[in-house]
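# A look at the structure
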Amino acid sequence: QVQLVESGGGLVQAGGSLRLSCAASGRTFSNYNMGWFRQAPGKEREFVAAIAWNGGTTSYADSVKGRFAISRDNAKNTVYLQMNALKPEDTAVYYCAASFGLVPVTTRQEAFGSWGQGTQVTVSS
């Protein structure tokens, strides 16, 4: 398993921006597709964004398209989530996840075998 540690969460006003980072260790990072998921209070965890092992393909939830951008730096073993134009409904714990294999990117949570501990993002109105 790859170990994942998220950072960059915090409190921001609506319309503001945050960049989340997820540092990976323990395995060859470039062998993994990476994803971001989030869980708001009282709700199920949901898909936010994913990126292929080589950065060539990305996928986004409709709710964040045009506002969020996922990227990765394989030399630094890190995946990022740039979040712009934040809304109060983006408030959640954000989780980084890894899916092993040089396969097409997926949005299915069950395909991701390694998860970080999560970082809180709070957007005030």
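Everything that follows concerns the structure shown earlier in this document.
Read on for a plain summary of the structure.

Conventions and cut-offs
- Residues numbered from 1 in each chain as written.
- Predicted model: local features only at pLDDT ≥ 70, side-chain atom pairs only at ≥ 80, totals over all residues.
- Heavy atoms only, no water.
- Core = buried A, V, L, I, M, F, W, Y, C linked by side-chain atoms within 4.5 Å.
- Buried < 20%, exposed > 50% of the residue type's maximum accessible area, 1.4 Å probe, protein only.
- Helix = DSSP H or I, 4+ residues; strand = E, 2+ residues; numbered from the N terminus.
- Contact = heavy atoms within 4.5 Å.
- Salt bridge = Lys/Arg side-chain N within 4 Å of Asp/Glu carboxyl O.
- Disulfide = S-S within 2.5 Å.

### Some points on the nonpolar core
In terms of nonpolar packing, the biggest core is built from 34 residues, with Met34, Trp36, Val79, Leu81, Met83 and Tyr94 touching the most fellow members. Secondary-structure elements contributing two or more residues to this core are strand E3 (18–25), strand E4 (32–39), strand E5 (46–51), strand E7 (68–73), strand E8 (78–83), strand E9 (92–100) and strand E11 (119–124). Among all residues touching Val79, those that are not within four sequence positions of it are Leu20, Ser21, Cys22, Phe29, Met34, Trp36, Ile51, Ile70, Ser71, Arg72 and Cys96.

### Some remarks on the pattern of salt bridges
For the coordinates displayed, the defined rule picks out 5 salt bridges. With a shortest N-O distance of 2.7 Å, Arg38 and Glu46 are connected by a salt bridge. Residue Arg38 pairs with Asp90 through a salt bridge whose shortest N-O separation is 2.9 Å. Here the residue Arg38 occupies a position in strand E4, and Asp90 occupies one in the loop between E8 and E9, the gap between them amounting to 52 residues. Look at Arg38 and you get buried, because its relative accessible area is 6%. Given a relative accessible area of 1%, Asp90 falls into the buried group.

### Overview of the state of the cysteines
Taken as a whole, this structure holds 1 disulfide when the rule is applied. Here Cys22 pairs with Cys96 through a disulfide, and the sulfurs are 2.1 Å apart. With the S-S bond torsion at -80°, the cross-link from Cys22 to Cys96 turns out left-handed. Remark: Cys96 occurs in strand E9 and Cys22 occurs in strand E3; sequence separation between them is 74 residues. Given the relative accessible area of 0%, Cys22 is considered buried. For Cys96, a relative accessible area of 0% puts it in the buried group.

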